[in-house]
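Chains, contacts and geometry: an overview
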Amino acid sequence: MPFTDDLATIGDPIWDAIVDHPMVEQLGAGTLDEEPFKYWVRQDYVYLVEYARVFAYGGANAPDLDRMGTFAELLDSTINTEMDLHRAYAADFGISEAELEATTPSPTTQGYTDFLVRTAATDTFGELVAALLPCMWGFNVTGKRLAEQGMPDHEGYAEWVEMYASDEFTELTEWCKDLMDDVAADATATEKERYRERFRTSARYEYLFWDAAWNQQGWPI
């Protein structure tokens, strides 16, 4: 059985909870107030900066040239393409580049990105992949499920759904799942348990990232 089938038993209930979250439900219906979504866009920009660091560590720690090259491509794509797309998308909601750059990470964003970067910097390549996977997998599942319900009338929300339900993003998700299966194929039982722990933590943060946006979470002191 592929290791990602095992991980699905952890991830599926969390993906269900994400799709059922009122922010995601209203996003899919096109009825979501823009303020929590603008919060999400700003926090996601902060997240992307640290996400790029994880790709950099992935390239440095990759066990072979093919994987090193793929992580280098993902790093380049994130910094030089996806960040520009995110700035343009934010501008459609009236968020300037200066506002994006000045965003203070929420407690959830800080905790999630610290976890990812620490895992990438101090743990094994397999643990890095396990921690990275829920972001792709969770967004892909969410995008596809919302697309199945029909596109929202809100143009910006429809663009979000199309992006994460797209063949291109699905291909990226399947690549990361295949990489996880390849890495886990030669792993010990102890290593696999560590992969599950990293995956579970990231998946939980994926849910919390939505919840933080819904509540527009800030630092209480």
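That block above? That's the structure.
Residues numbered from 1 in each chain as written. Predicted model: local features only at pLDDT ≥ 70, side-chain atom pairs only at ≥ 80, totals over all residues. Heavy atoms only, no water.

1. Side note on the overall build of the protein chain
Rules: Helix and strand definitions here come from DSSP, where helices need a minimum of 4 consecutive H or I residues and strands a minimum of 2 consecutive E residues; each element is numbered from the N-terminal end. When accessible area is computed with a 1.4 Å probe and restricted to protein chains, residues below 20% of their type maximum are described as buried, those above 50% as exposed, and intermediate ones as partly exposed. Two residues qualify as a contact provided that any one of their heavy atoms is within 4.5 Å of a heavy atom in the partner residue. Per-residue and other accessible areas were derived by the Shrake-Rupley procedure at a 1.4 Å probe size, with only the shown protein chains allowed to occlude residues. We score Asp and Glu as negative and Lys and Arg as positive, and we do not count His or the chain ends. All charge positions are set by atom: Lys at NZ, Arg at CZ, Asp at CG, Glu at CD.
Broken down by element type, the protein chain carries 10 helices and 0 strands. Secondary structure elements of the protein chain, listed N to C terminal, follow the sequence α-α-α-α-α-α-α-α-α-α. Dimensions of the protein chain, computed from C-alpha atoms along their principal axes, come out at roughly 45 × 35 × 35 Å. Here the protein chain, with 221 residues, has 49% of them falling under the buried criterion. Sequence separation of 24 or more characterises 83% of the internal contacts of the protein chain that already satisfy a separation of 6 or more. Within the structure as shown, the protein chain displays about 10,300 Å² of accessible surface, and the carbon and sulfur contribution to it stands at 49%. Distance between charge centroids for the protein chain: 8 Å, based on 15 positive and 42 negative side chains.

2. Re helix 6 (residues 107–122)
Basically, it comes down to this: A helix is expected to span 1.5 Å for every residue after the first.
Helix length check: helix 6, at 16 residues, gives a terminal C-alpha distance of 22 Å against a target of 22 Å (1.5 Å per residue), a fit within 8%. The complete set of buried residues in helix 6 reads Thr108, Thr109, Tyr112, Thr113, Phe115, Leu116, Val117, Thr119 and Ala120. Buried residues belonging to helix 6 abut helix 3 (34–61), helix 7 (125–148) and helix 10 (189–215).

3. A few points about the pattern of salt bridges
Threshold: Just to be clear on terms, a salt bridge is a Lys or Arg side-chain nitrogen sitting within 4 Å of an Asp or Glu carboxyl oxygen.
Tallying each qualifying case throughout the model produces 13 salt bridges. For the salt bridge of Arg145 with Asp16, the shortest nitrogen-to-oxygen distance reads 2.6 Å. You can see Arg145 sitting in helix 7 and its partner Asp16 sitting in helix 1 (residues 3–20), a full 129 residues away along the chain. Of the residues examined, Arg145 reaches a relative accessible area of 29% and is grouped as partly exposed. Here Lys38 and Glu35 are joined by a salt bridge, their closest N and O atoms 3.6 Å apart.

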